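Each chain, written out:
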Amino acid sequence: MPDSQPQPPHSPSPSGPADRGSLLLCGARLTDGRTVDVRLCGGRIEAVGTAGSLTPGRASGPGTRLDLGGYLLLPAPVDPHVHADTALTADAPGPVSYDPEDVQRRATEAALLQLGHGATALRAHVRVGDVPGLGALTAVLRARRSLRGLAELTAVAMPRVLTGVAGADGLAMLRDALKMGADVVGGCPDLDPDPTGYVEAVLEVAAEHGCPVDLHTDAADPARLARLAAMAGGLRPGVALGPCDGLGKLPAEVVSRAADQLAAAGVTVVCLPQGACGAVELPDGTAPVRLLRAAGVRVAAGSGALRDVSNPVGRGDPLEAAYLLASRHGLRPEEAYDAVSAAARAAMGLPEVRVEAGFPAELVAVRGDRLAGALSLAYSRIVVHRGRVVARTSAVREYGDSTTASDLGLPRQGRGGQGRRDGRDGHGNTA
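Below or above, wherever it landed, is the structure these notes cover.

Parameters at a glance
Residues numbered from 1 in each chain as written. Predicted model: local features only at pLDDT ≥ 70, side-chain atom pairs only at ≥ 80, totals over all residues. Heavy atoms only, no water. Helix = DSSP H or I, 4+ residues; strand = E, 2+ residues; numbered from the N terminus. Contact = heavy atoms within 4.5 Å. 1 Å grid on protein atoms, 1.4 Å probe; cavity = no way out; pocket = protein on both sides within 12 Å on 5 of 7 lines; lining within 4 Å. Points joined across faces, edges and corners; volume = space filled by probe spheres on them. Nonpolar A, V, L, I, M, F, W, Y, C, P; charged D, E, K, R; others polar. Buried < 20%, exposed > 50% of the residue type's maximum accessible area, 1.4 Å probe, protein only.

**Examining the environment of valine 126**
Stage number 1. Position of valine 126 among the secondary structure elements: in strand β8 (residues 121-128).
Stage number 2. In the structure, valine 126 is positioned 11 residues away from leucine 137 in sequence and 6.1 Å away in space, judged by C-alpha atoms.
Stage number 3. Contact partners of valine 126, with chain neighbours within four places excluded, come to Asp85, Ala136, Leu137, Val140, Val156, Ala157 and Met158.

In structure tokens form, the structure reads like this:
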């Protein structure tokens, strides 16, 4: 019998078309140890049952059934902090090009790279004003349209200055950005001559348009952070701050007080375990995530820079972010993965995802049977967005001829070209 009973299909969200067909995921392992079948329909999870208990909801045919034996099925991660306008520019000669065609190409390529890692939704912080004007935002919005049905891309408008004489132009451009289609009001108050005035302006514009707020700050000034938390408290649909690297360099009692203030204000902290972005002055370190979580602060994790000058080797991989939170910052694997999935989705205003009937079909299947192992070595991934497979990555490891493996009874890969189409040899050995 199914563990989760079939649910009526829900209306698809405006973000893109859902797959109206039925897809049956067979033999997937869940984090609680169960092996299940999962039926998807209309962009939602229609039913979850013990392995072998479900059948496709429609007539069987190509693409209606997917064998996930040997895979761990998880809610898909999302990335609440990317820089689509500067991604993939680390090797570019000279200054970064903000030509709209260049930005659109980079933003699209970066989003597809991250989709391959499993991220089905991305929040892109985009500079407006100064050299880019509104051209970079225009390009990112075009990339968003081209990605419909593959991944969701939302845009954060980031003006540099919002106070004083120069700030008048910044405010006008920020309002224009929101009219064009930017979803979130952002920026970096620390770079404005009047950081408090900058925050006041951002919150006012956000309230006018009913937009979320997502600000860059190193959080190294506890008094400024306290003012920001007090000003942001209760704002709906919500306020996020990141990367807050500077908190890790403050005395413990100061950090504890700041964490209590952020929790009381309902502010989310978005940390960047893979390396900070170029929008803040402190490129190194990560917010004290354990202390923040203990105080009740929602902590999400983003990728920051993806191979730009501030992090030329940035990978944009949410599972790597979770791995780093677990290996370097003391979170349990489940807590670390929550930072790139449930907490990140909440920070972005996205609906909750569970592998249960009725929830959105936003899923990633990773090779392995336990979450800790998946965070360590999950190179092979299958990504599902709105009920259909949108990306696959298959990694096969091979070794030279040797009697050692057979003598010790160790698993080894089949030779290239001799394995199965899913990248596994007869023993199921895929990374």
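Continuing now.
**Observations regarding empty space enclosed by the protein**
Stage number 1. Per the stated rule, a full pass over the model turns up 1 cavity of 30 Å³ or more.
Stage number 2. Roughly 60 Å³ of internal volume is contained in the largest cavity.
Stage number 3. Val82, His83, Ala84, Ala87, Ala107, Ala110, Ala111, Gln114, Leu122, Leu153, Gly304 and Leu306 together form the lining of the largest cavity.
Stage number 4. In terms of residue class, the lining of the largest cavity is made up of 9 nonpolar, 3 polar and no charged.

**Topic: unusual backbone geometry**
Stage number 1. The omega torsion of the bond from glycine 242 to proline 243 falls at 0 degrees, within 30 degrees of zero and hence cis.
Stage number 2. Along the polypeptide, proline 243 turns up in strand β12 (residues 239-243).
Stage number 3. Although it is not a glycine, leucine 88 sits at a positive phi angle of roughly 65 degrees.
Stage number 4. Relative to the elements of secondary structure, leucine 88 occurs in the loop between β7 (79-82) and α1 (100-117).
Stage number 5. Under the relative-accessibility criterion, leucine 88 is labelled buried at 19%.
Stage number 6. Even without being a glycine, arginine 386 presents a positive backbone phi close to 55 degrees.
Stage number 7. Its place among the elements puts arginine 386 in the loop between β16 (381-385) and β17 (388-393).
Stage number 8. On the accessibility criterion, arginine 386 (8% relative accessible area) is buried.

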